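Results of the structural survey
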Amino acid sequence: MTITIVGAGLGGLSLARVLHVHGIEATVLDLDASPSARAQGGMLDIHEDSGQVALRAAGLHDEFRTLIHSGGQEARVYDRTAALLFAEEDDGSGERPEIDRGVLRDLLLNSLPEGTVRWGMKVTAAEPLSGGRHRLTFADGTSLTTDVLVGADGAWSRIRPLVSPEKPEYTGISFVEIDLLDADSRHPDAAALLGGGMSFALGEDKGFLAHREPDGSLHVYAAVRVPETWTASIDFTDHAAAKAAVLSHFDGWSDRLRALVEEADGELTPRLIHALPVEHSWSRVPGVTLLGDAAHVMSPFAGEGANLAMLDGAELGLALARHPDDVERALAEYEAALFPRSAKSAAESAQSLDSCFRPDAPAALLELFGA
């Protein structure tokens, strides 16, 4: 039996690792030319009941604990005047330790046998064959067939159309990513304001979400409720123009918060936030399934995306290990648990998004923190 996983993100790698732990070989295909071809994003809080479950199943939890960002669970909430409304220190007892996404990905990559991941494999077509097998065609003109196909290839999955016609839709919120490098020496006021962990400054239809990176930089998301075409109307290669466009949405906000944009180092990067329908599911299709964002992309406002992807991968790996001679039973068991689990998190995420940008924001977030 051949198992092919499309996508070397956290979910696909978690699946490959759990299969490896149980003596089952798999091949992971990724469109990037190498593991270092692009940045992997910022900090992740890894939840006790999902991401950490996956790491235990992968036999990597102890090593993970040595890599977490001390102090990363600190949290602060501000309003638009930069008045501090809530603060919580990281005393090391929390259930959601933070880790750099790239470090976590390297942990998973390095736990796999050499050659498990094949880089530079961009899927251009996926088609069903008889007996639940599938053929993948790649940008270089080559192709392969596989007995079991897993789409772990993110929001714009090439594999999803085999099981579902759904596509992610724009949520109404766009992010602009900002970096403040060497914050303690170059941006001391921002460093003092945002602290050592995660911080939020929210108001109606907009806000700032930020976290401290282990290298001492600050990674900031300016979030605005705007039409889907807004980011395309801005020339982000013109840094001054991009900053002005973002700041136009924060008139009347504290100068300390506006400075997060004004002092940005390097490029500002737009990110449109998309989501699949909350209860996205599909009927059983022989030989193929999805995990992570391919199955249930949602807004980041419940902090579940990476955690669910890893849990999906681990659960699917365990199901295949339980039923090595009955793939369809394994896939059916996996999906029976996947659909209600992802629907619950997607509903929470959608509700959190609306709560964070409603007229009385950040009231709902304060309520969540028990403030």
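Residues numbered from 1 in each chain as written. Predicted model: local features only at pLDDT ≥ 70, side-chain atom pairs only at ≥ 80, totals over all residues. Heavy atoms only, no water.

Considering helix H8 (residues 255-262)
All of the buried residues along H8 are Leu 257, Arg 258, Ala 259, Leu 260 and Val 261. Against strand E12 (169-180), helix H6 (188-194), strand E13 (198-203), strand E14 (206-212), strand E15 (218-225) and helix H7 (239-247) lie the buried residues of H8. Put simply, Ser 254 is the residue that caps the front of H8, since its side-chain oxygen is 3.0 Å from the backbone nitrogen of Arg 256. (Buried < 20%, exposed > 50% of the residue type's maximum accessible area, 1.4 Å probe, protein only. Helix = DSSP H or I, 4+ residues; strand = E, 2+ residues; numbered from the N terminus. Contact = heavy atoms within 4.5 Å. Polar contact = N/O pair within 3.5 Å; in protein donor to acceptor, adjacent residues only side chain to side chain.)

Concerning the sheet that holds strand E7 (residues 117-118)
Strand order in the open sheet formed by five strands is E7-E2-E1-E11-E17, with parallel pairing between adjacent strands. Edge positions in the sheet fall to E7 and strand E17 (288-290), since each of these pairs with one other strand and no more. Judged from the four bridges that link them, strand E1 (residues 3-6) and strand E11 (residues 148-151) form a sheet pairing that is parallel. Residue pairing across strands places Val 6 opposite Gly 151, the latter belonging to E11. Here helix H1 (residues 10-21) sits on the sheet in contact with E1, strand E2 (27-29), E7 and E11, set at roughly 155° to E1. (Pairing = 2+ DSSP bridges. Axes fitted to C-alpha atoms, helices over the stretch in contact; angles between N-to-C directions.)

What to know about the side chain of Thr 4
Note that Thr 4 resides in strand E1. Sequence-distant contacts of Thr 4, that is, excluding residues within four places in its chain, are made with Thr 27, Leu 29, Leu 136, Leu 144, Thr 146, Val 148, Leu 149 and Val 150.

With respect to the packing of aromatic side chains
Here the structure, examined in full by the defined rule, presents nine aromatic pairs. Between Phe 200 and Phe 369, the aromatic rings sit 6.3 Å apart at their centres with planes inclined by 55°, giving tilted as the arrangement. Highlighted residues: Phe 200 in strand E13 and Phe 369 in helix H12 (residues 363-369), separated in sequence by 169 residues. Taken together, the ring pairs connect Phe 175, Tyr 221, Phe 301 and Phe 357 into an aromatic cluster. (Phe/Tyr/Trp six-rings, centres within 6.5 Å; stacked < 30°, edge-to-face > 60°.)

A word on the side chain of Arg 160
Inspection of the secondary structure assignment puts Arg 160 in the loop between E11 and E12. For the buried Arg 160, no salt bridge is present, and the opposite-charge side chain at shortest range is Asp 153, 6.9 Å distant. Within polar-contact distance, the side chain of Arg 160 engages the backbone oxygen of Ala 294 at 2.8 Å. In this structure, Arg 160 is in contact with Gly 154, Ala 155, Glu 166, Lys 167, Pro 168, Leu 276, His 280, Leu 290, Asp 293 and Ala 294, ignoring residues within four places of it in sequence. (Lys, Arg positive; Asp, Glu negative; His and termini not counted. Salt bridge = Lys/Arg side-chain N within 4 Å of Asp/Glu carboxyl O.)

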